[in-house]
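# Coordinate analysis (summary)
The chain contents come next:
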Amino acid sequence: MAAACAGASAQATWPTKPIKIVIGLPAGLAADVIARMYGEKLSKALGQPIVVDNRPGATGNIAQDAVAKAPADGYTLLYAVSNSFVSNPYAFSKLPFDVNKDFVPVAQTVRNGLYLVVNKDFPAKTLPEAMKLARAAPGKYSYASYGLGGFPHLVMEFVLNQEKVDMVHAPYKGGALTDVVGGVVPMVWEPAANAIPFMKEGRVRALAVWGYGKRNAATPDVPNIAELVPGADVASFQGFWAPAGTPRDIVMRLNQEVSKSSRDPELIEKLKLAYAEPVTSTPDEMAAEVKKESIRWSQLIKEKNIRLD
């Protein structure tokens, strides 16, 4: 009984020291910037410093492993894009952690989209026209991505699978958008923050948007992928996870504060600059979305034999 009372007392006074947010991306990328925006709001709400710990590498697995093995006391959180939970686990033959057992969802933060952009001189003006061209000439057309297993790759493979079209995959480490502008490769699914400025300048054209679950208010004339491809009602999100075993009341307090941040007018305006749309959810709703999307992407990864190791 004494131990139980001590545990309850510790939870009641949480937090009493800085909280660390671990993110598996280099500093300065869009998700890192967004994580820091939320960290600033959480720091003010919780009255403790928030420290962002960037641990890039292995498509986010290094950061996930660190959080999976951290104490479940509410002082270490993971900030990640949903592919770390809905696709990566199925593209690796073995991981040093179990995404279903070693983490607990805390809160979603934003949805961030990808645009299928093409060279301005590409003959197809719409996605159905592009699929028709590629279907008539299997293997003639290519598309770029930022590596095997990332959402730019998986989304295109999903589209091609649904449309029964064969295109050549050209994985890039960087610079794919520049090569689309230059005509080296005809198309790529590009993050919104990169794609929209090029679209506004007329350097590329957008055929579809994915990730928001709807059309993006910033580009109302660009159709959502679900309008064009059957079964493509998919979306991605960013959010916070904690080590499994983190006390429920701490998880719910964090969820409450993150959700408040997502409704904060000042933060909403900042997120618009990154073309990110804030979302709110309970931990259970977040878990349900992860489960649903895991089924979709695990099936595609298995069918296409996509391996990251």
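Structure's up top.
As a starting point, this report considers the structure included with it.

Parameters at a glance
- Residues numbered from 1 in each chain as written.
- Predicted model: local features only at pLDDT ≥ 70, side-chain atom pairs only at ≥ 80, totals over all residues.
- Heavy atoms only, no water.
- Helix = DSSP H or I, 4+ residues; strand = E, 2+ residues; numbered from the N terminus.
- Rg over C-alpha atoms; globule rule 2.2 N^0.38 Å.
- Buried < 20%, exposed > 50% of the residue type's maximum accessible area, 1.4 Å probe, protein only.
- Contact = heavy atoms within 4.5 Å.
- 1 Å grid on protein atoms, 1.4 Å probe; cavity = no way out; pocket = protein on both sides within 12 Å on 5 of 7 lines; lining within 4 Å.
- Points joined across faces, edges and corners; volume = space filled by probe spheres on them.
- Nonpolar A, V, L, I, M, F, W, Y, C, P; charged D, E, K, R; others polar.
- Phe/Tyr/Trp six-rings, centres within 6.5 Å; stacked < 30°, edge-to-face > 60°.
- Axes fitted to C-alpha atoms, helices over the stretch in contact; angles between N-to-C directions.
- Parallel < 35°, antiparallel > 145°, perpendicular 65-115°, else oblique.

### Overview of the overall build of the chain
Each helix and strand counted, the chain has 12 helices and 11 strands in total. Computed over C-alpha atoms, the radius of gyration of the chain comes to 20 Å, within 12% of the 19 Å expected from 2.2 N^0.38 for 309 residues, which places it in the range of a compact globule. Projected onto the principal axes, the alpha-carbon positions of the chain cover approximately 75 × 40 × 30 Å. Counting all 309 residues of the chain, 53% fall into the buried class. The contacts in the chain between residues at least 6 apart in sequence include a share of 79% that link residues at least 24 apart.

### Describing the layout of surface pockets
The volume enclosed by the largest pocket comes to roughly 1,200 Å³. Leu25, Leu29, Val81, Asn83 and Pro191 are, among the 43 residues lining the largest pocket, the residues nearest its centre. Breaking the lining of the largest pocket down by element, the ones donating at least two residues are helix 2 (30-46), strand 3 (76-81), helix 4 (83-86), strand 4 (103-112), helix 7 (151-163), strand 8 (187-191) and helix 9 (192-200). It is strand 3 that provides the largest number of residues to the lining of the largest pocket, a total of 4 residues. Here the residues of the lining of the largest pocket sort into 23 nonpolar, 17 polar and 3 charged.

### A closer look at the packing of aromatic side chains
We describe a pair of aromatic rings using the distance from one ring centre to the other and the angle between the two ring planes. Tallied over the full model, the rule gives 12 aromatic pairs. Summarising the aromatic geometry, the rings of Tyr79 and Phe240 are spaced 4.9 Å apart at their centres and angled 70° between planes, so their arrangement reads as edge-to-face. With Tyr79 in strand 3 and Phe240 in strand 10 (residues 238-243), the pair connects residues that are 161 residues apart, well separated along the chain. Neither Tyr79 nor Phe240 differs from the other in exposure class; each is buried. A ring pair is formed by Phe97 and Phe103, whose centres lie 5.9 Å apart and whose planes are at 90°; its orientation type is edge-to-face. Connected via pairs of aromatic rings, a cluster forms that spans Phe85, Phe97, Phe103, Phe237 and Trp241.

### Here's the deal with the packing of helix 2 against helix 11 (residues 265-273)
Two quantities define a packed helix pair, namely the angle between the helix axes and the distance between the axes. Interhelical geometry of helix 2 versus helix 11 gives an angle of 170° and a closest axis separation of 11 Å. Here helix 2 is positioned roughly antiparallel relative to helix 11, judged by the angle of their axes. On helix 11, the residues touching Ile34, Met37, Tyr38, Glu40 and Lys41 of helix 2 are Glu266, Leu267, Lys270 and Leu271. In the contact of helix 2 with helix 11, the residues fall into 5 nonpolar, no polar and 4 charged.

### Concerning unusual backbone geometry
The step from Trp14 to Pro15 runs through a cis peptide bond, and the omega angle for that step is -5°. When you line up the elements, Pro15 lands in the loop between helix 1 (2-13) and strand 1 (19-23). Of note, Thr59 is a non-glycine position whose phi angle comes to about 50°, a positive value. By the element assignment, Thr59 lies in the loop between strand 2 (50-54) and helix 3 (61-68). Not every positive phi belongs to a glycine, and Tyr275 is a case in point at roughly 55°.

Honestly, that's just the spatial picture; any functional story needs more than this.
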